[in-house]
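Take a look at the letters that make up each chain.
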Amino acid sequence: MAALKYAGLEDTDSEEELPPGWEERTTKDGWVYYANHMEEKTQWEHPKSGKRKRVAGDLPYGWEQETDENGQVYFVDHINKRTTYLDPRLAFTVEDNPVKPTTRQKYDGNSTAMEILQGRDLSGKVVIITGANSGIGFETAKSLALHGAYVILACRSTSRGNDAVQRILAEWHKAKVEAMTLDLASLQSVRRFAEAFKSKNVPLHILICNAAIFGAPWYLTEDGLESTFQVNHLGHFYLVQLLEDVLRQSAPARVVVVSSESHRFTEIKDSSGKLDFNLLSPSKKEYWALLAYNRSKLCNILFSNELNQRLSPHGVTSNSVHPGNMMYSSIHRNWWVYTLLFFLARPFTKSM
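For the protein, an unreviewed UniProt entry supplies the name WW domain-containing oxidoreductase and the organism Turnix velox. Under the UniProt heading Sequence similarities (unreviewed entry), the entry covering the protein gives this text: "Belongs to the short-chain dehydrogenases/reductases (SDR) family."

Have a look at this one:
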């Protein structure tokens, strides 16, 4: 009872009545959340009943949903020429208590990142995403940030990283997002990034190794390694090693390595069945861009599997993921032939 009194709940007659200082709001996709103006915080659960809700049905005739310059959802009544931040459907909410479907039933090729995270509150979670200024990385960063996580966009280009941050803030001005410089083609840059992150003295709950290059011409990095191998695999391998202690301290935590089904179309062993290091970082004469990409993705999976075996007993899981064959992103930009192929396939692909 003391806790109820402190929260201002003891004088309410109805389970659905909000205490003083609380306001009911809705997200773009119809989920109800509650804002406490006195403590300046939000939460998904009703402050008294603890229930989660969503609005039911479409907007009434003549109503339209808009977003203001601060990313706040508001509603326009074109018939009566007025605007309000109160969703007119709040009188027709339903409790979020569905029977949990299987993954196959719940998600499919049309699902978006925002739908996957629908109803989740990631407040307090810290996330690093490499290559987060565009494509899959950006959509992942935006979705996690809009659900309350503190997201660090680890990008090679500082300016493009900052532009991505501003795009997320344009959708929700209270999003906790930050860009930090990380060039996976430089092991020194990876080390500087890890040191800069550690200096923040924050936990790390999710590390998403997303950045990759595809179809790039042969060149050696400053570390003397073939670029596709270093950017797609070795740079991430080194990053995880440098942040492993933070991940352990933040358990439960996870590492997500974005790989590809193309890992099936290559091999990294010689004729005797032993690992051939020359295949990982080949010379210019033996380099083929597509094979280099496939090998790097195979390395991703082998690394993720071994990482999970070593760290899962310490509360840190690792998973590799195939993002889909029909995703249209800018990964093809390094060669005009791939750009043409992606353009021809564009009508059949899933847009970012």
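Q: Help me get a handle on the pairing of strand β2 (residues 32-36), residues and values and all.
A: Judged by how many residues are buried, β2 sits mostly within the fold: five of five residues are covered. Here strand β1 (residues 22-26) hands over to β2 after five residues, with G30 in that stretch at a positive phi of 95 degrees. Across three bridges, β2 lies against strand β3 (residues 41-43) in antiparallel orientation. By the bridge assignment, Y34 is partnered in β3 with Q43. In textbook terms, the turn of a hairpin is the stretch between consecutive antiparallel strands, and for β2 and β3 this stretch comprises four residues, one of which, E40, has a positive phi near 55 degrees.

Q: Quick rundown of the nonpolar core? Include the residues and the values.
A: Soluble, globular proteins show a tendency: their nonpolar side chains are buried together. Counting 32 residues, the largest nonpolar core has I128, F193, F197, L204, L207, L243 and V255 as the members making the most contacts within it. Taken together, the elements giving at least two residues each to this core come down to β9 (126-130), β10 (150-155), α6 (187-198), β12 (206-209), α7 (227-249), β13 (253-258) and α9 (289-311). With six residues, the single largest contributor to this core is α7. The contacts of L204, once residues within four sequence positions are left out, are V126, V127, I128, F197, L243, V246, L247, S250 and A253. Counting 22 residues, the second largest nonpolar core, distinct from the first, contains A145, V151, L153 and V165.

Q: Which residues make up the sheet that holds strand β14 (residues 316-321), and what values go with them?
A: The parallel open sheet is built from six strands, whose spatial order is β11-β10-β9-β12-β13-β14. The sheet terminates laterally at β11 (176-181) and β14, the two strands that pair on one side only. When the angles between neighbouring strand axes are averaged without regard to direction, this sheet yields 15 degrees. Sitting on the sheet, α6 is in contact with β9, β10 and β11, with an inclination near 145 degrees to β11. Sheet strands touched by α9: β13 and β14. Its angle to β14, the strand with the most contacts, is close to 160 degrees.

What counts as what
Residues numbered from 1 in each chain as written. Predicted model: local features only at pLDDT ≥ 70, side-chain atom pairs only at ≥ 80, totals over all residues. Heavy atoms only, no water. UniProt positions renumbered as here; feature names shortened; annotations may be inferred. Buried < 20%, exposed > 50% of the residue type's maximum accessible area, 1.4 Å probe, protein only. Helix = DSSP H or I, 4+ residues; strand = E, 2+ residues; numbered from the N terminus. Pairing = 2+ DSSP bridges. Core = buried A, V, L, I, M, F, W, Y, C linked by side-chain atoms within 4.5 Å. Contact = heavy atoms within 4.5 Å. Axes fitted to C-alpha atoms, helices over the stretch in contact; angles between N-to-C directions.

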